[in-house]
Amino acid sequence: MRILVILEELDYDNGNALEMALQYKERSIVPREIEIIVLSAGGEEAEKTLEECLALGADEVYLISDPVFLLYDEFTAANLLAEAIKKIGEYDLILTGFISKKKSPGILGPMIAELLDLPQISFVKNFKIENKWIQAASSEETMDTIITAPLPCLLIISLRTSQIRGMTIKGIQKSLKKSMIILPLEEQTHDKE
């Protein structure tokens, strides 16, 4: 199983998506069969975030190297990320945080799901997977709802899930053996601005 995490930064609003993926892998009967891939876009700050993700336990990281990424509107950013996901290839699940760096609540994830023609579930606080189907607990305000969808699927993780763990020396040592994959920007992406 391949879990793709779209991460802008390791703050409370976005880091919980990576934390949920890491916790799912730890709970799995065969953790080595679950691969956590993190995708980010930007300049040096995004590169630093991805290095931290490797130290926290991500198996692979991809960087869309673009220092002006934060200047894009949400639609252009979503298109750029959707194209990068297509390049990465096969995945079973995509996790995103709830608030983007532009502080737009819950917009980027649904736009990516639409562009990739994926089912999506918002306000997710936990999930389980069985037989290529996902069952997610979605919590908005005071009401919890259980939603089922086929894989692949995109989950927008609730703000109220869990805080990202801290790095360990063992994690940092493991991360030094891994490398970051740089994805080139397509020229037509900049034409969509």
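What counts, and at which threshold
- Residues numbered from 1 in each chain as written.
- Predicted model: local features only at pLDDT ≥ 70, side-chain atom pairs only at ≥ 80, totals over all residues.
- Heavy atoms only, no water.
- Pairing = 2+ DSSP bridges.
- Helix = DSSP H or I, 4+ residues; strand = E, 2+ residues; numbered from the N terminus.
- Axes fitted to C-alpha atoms, helices over the stretch in contact; angles between N-to-C directions.
- Contact = heavy atoms within 4.5 Å.
- Buried < 20%, exposed > 50% of the residue type's maximum accessible area, 1.4 Å probe, protein only.
- Parallel < 35°, antiparallel > 145°, perpendicular 65-115°, else oblique.
- Left-handed = near helix turned anticlockwise from the far one by under 90°.
- Nonpolar A, V, L, I, M, F, W, Y, C, P; charged D, E, K, R; others polar.

Participant: Explanation requested: the sheet that holds strand E8 (residues 153-157) in the structure shown.
Facilitator: The strands that make up a sheet pair up through hydrogen bonds in the backbone, lying either parallel or antiparallel. Across the sheet, nine strands lie side by side as E7-E6-E5-E8-E4-E1-E2-E3-E9; this open sheet has mixed pairing. Only two strands of the sheet have a single neighbouring strand rather than two, namely strand E7 (143-150) and strand E9 (180-183). Within this sheet the neighbouring strands show an average axis-to-axis angle of 30 degrees, counted without direction. As paired elements, strand E6 (residues 133-140) and E7 share eight bridges and run antiparallel to each other. Counted as the bridge partner of Glu 140 is Met 143 from E7. Helix-sheet contacts for helix H2 (residues 44-56) involve strand E2 (35-42), strand E3 (60-65) and E9, and the interaxial angle to E3 is about 175 degrees.

Participant: Explain the pairing of strand E1 (residues 2-6) to me, please; I cannot follow it from the model alone.
Facilitator: Put simply, side chains in a regular strand alternate between the two faces of the sheet. Across the five residues of E1, five count as buried, placing the element largely inside the fold. Where E1 meets strand E4 (residues 93-96), four bridges bridge the pair, whose relative direction is parallel. When the sheet's bridge partners are listed, Ile 3 is paired in E4 with Leu 93.

Participant: What should I look at first to understand the packing of helix H3 (residues 74-88) against helix H4 (residues 108-116) in this one?
Facilitator: Angle between the axes and distance between the axes are the two parameters that describe a pair of packed helices. Running from N to C, H3 and H4 cross one another at 50 degrees; their axes reach a closest spacing of 9 Å. As far as their axial angle goes, H4 and H3 are oblique. Crossing angle aside, the handedness with which H3 passes H4 is right-handed. Residues Glu 74, Phe 75, Ala 77, Ala 78, Asn 79, Leu 81, Ala 82, Ile 85 and Lys 86 of H3 touch H4, and the partners they reach there are Leu 108, Met 111, Ile 112, Leu 115 and Leu 116. Split into classes, the residues belonging to the contact of H3 with H4 amount to 11 nonpolar, one polar and two charged.

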